[in-house]
Amino acid sequence: MKIFDGRRHAVVLALAVFMMTATACDFMRVLAGRPTGKDIENKRVAIMKAEEAALQARLDSIRQAEQKMAADSVAAVEYLTSCGVVMSGPERFGGLASPGLPARYYVIAGAFKDRGNARKLADAAASKGYDASLIDCRRGMVAVGLCPSDNIAQIGSVYEALKGETFCPADAWVLVIE
């Protein structure tokens, strides 16, 4: 009996080399019950399509919310205008002494030359739970701005509530910062 059979070893070696190169091929994956390259690619494409659909759904939702907010804003402006509410910019005071107010809209409950009087009105509003700000104007006036907001619909609701308050005068108006 020979210890070294060249042909047998060559066949075993060739078979080993073939198995090593064939293990990465889809045929061997199928035999092993593993997903093929095509299966993996299909799954990747399906995941990408699902992510794209989810992103599109989020964008559609944002677009709908923006459209509703715009419609609410138009309705609020129409309502405030129909009630005779004056909506004006800071030029009504001669401009703002300190630009950069944090909100776009304020209900102006009053404007005073005496800062102490403005502070009294602001304190009265604050005691009723309203957010009150003192707004310095160029002509030396100090306005009392209530419930700052970037949402005009919210300002409409606040204005309605303020009409029933004793501290709020009938000629309150809405400051619009452009």
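You'll find the structure just up there.
Presented here is a report on the structure given in the accompanying data block. (Residues numbered from 1 in each chain as written. Predicted model: local features only at pLDDT ≥ 70, side-chain atom pairs only at ≥ 80, totals over all residues. Heavy atoms only, no water.)

## Describing the overall build of the protein
Then step 1. A count of helical and extended segments in the protein gives five helices and five strands.
Then step 2. Tracing the protein from N to C terminus, the helices and strands come up as α-α-α-β-β-α-β-β-α-β.
Then step 3. Per-residue burial for the protein yields a buried fraction of 27% across its 178 residues.
Then step 4. Within the protein, residue pairs in contact and separated by at least 24 positions form 68% of the contacts whose partners lie at least 6 positions apart. (Helix = DSSP H or I, 4+ residues; strand = E, 2+ residues; numbered from the N terminus. Buried < 20%, exposed > 50% of the residue type's maximum accessible area, 1.4 Å probe, protein only. Contact = heavy atoms within 4.5 Å.)

## Brief notes about the nonpolar core
Then step 1. Among the nonpolar cores identified, the biggest contains 24 residues, and Val-107, Leu-146, Leu-162 and Phe-167 are the most heavily contacted of them.
Then step 2. At the level of elements, helix H3 (37-82), strand S2 (105-112), helix H4 (115-127), strand S4 (142-149), helix H5 (152-163) and strand S5 (173-176) are the ones that each hand at least two residues to this core.
Then step 3. When residues in this core are grouped by element, the largest group, five residues, is from H5.
Then step 4. Filtering out sequence-adjacent residues up to four positions away, Val-107 remains in contact with Val-144, Gly-145, Leu-146, Ile-155, Val-158, Tyr-159, Leu-162, Ala-172, Trp-173 and Val-174.
Then step 5. In terms of nonpolar packing, the next biggest core, distinct from the first, is built from 10 residues, Tyr-106, Ala-143, Leu-175 and Ile-177 among them. (Core = buried A, V, L, I, M, F, W, Y, C linked by side-chain atoms within 4.5 Å.)

## Considering the pairing of strand S3 (residues 132-136)
Then step 1. Taken together, the five bridges between S3 and S4 define a ladder with antiparallel strand orientation. Bridge pairing in S4 links Ile-135 to Ala-143.
Then step 2. The hairpin turn running from S3 into S4, its antiparallel successor, is five residues long, and Gly-140 in that turn takes a positive phi close to 85°. (Pairing = 2+ DSSP bridges.)

## Some points on the pattern of salt bridges
Then step 1. Tallied over the full model, the rule gives five salt bridges.
Then step 2. With its nearest N and O atoms 2.6 Å apart, the salt bridge here joins Asp-136 to Arg-115. Of this pair, Asp-136 sits in strand S3 while Arg-115 is found in helix H4, placing the two residues 21 residues apart along the sequence.
Then step 3. In this structure, the salt-bridge partner of Asp-123 is Arg-119, at a minimum N-O distance of 3.3 Å. A residue pair is termed a helical-turn pair when its members lie 3 or 4 positions apart in one helix, as Asp-123 and Arg-119 do in helix H4 at four residues.
Then step 4. What makes Asp-123 partly exposed here is its relative accessible area of 39%.
Then step 5. Here Arg-119 falls in the partly exposed class, since its relative accessible area comes to 40%. (Salt bridge = Lys/Arg side-chain N within 4 Å of Asp/Glu carboxyl O.)

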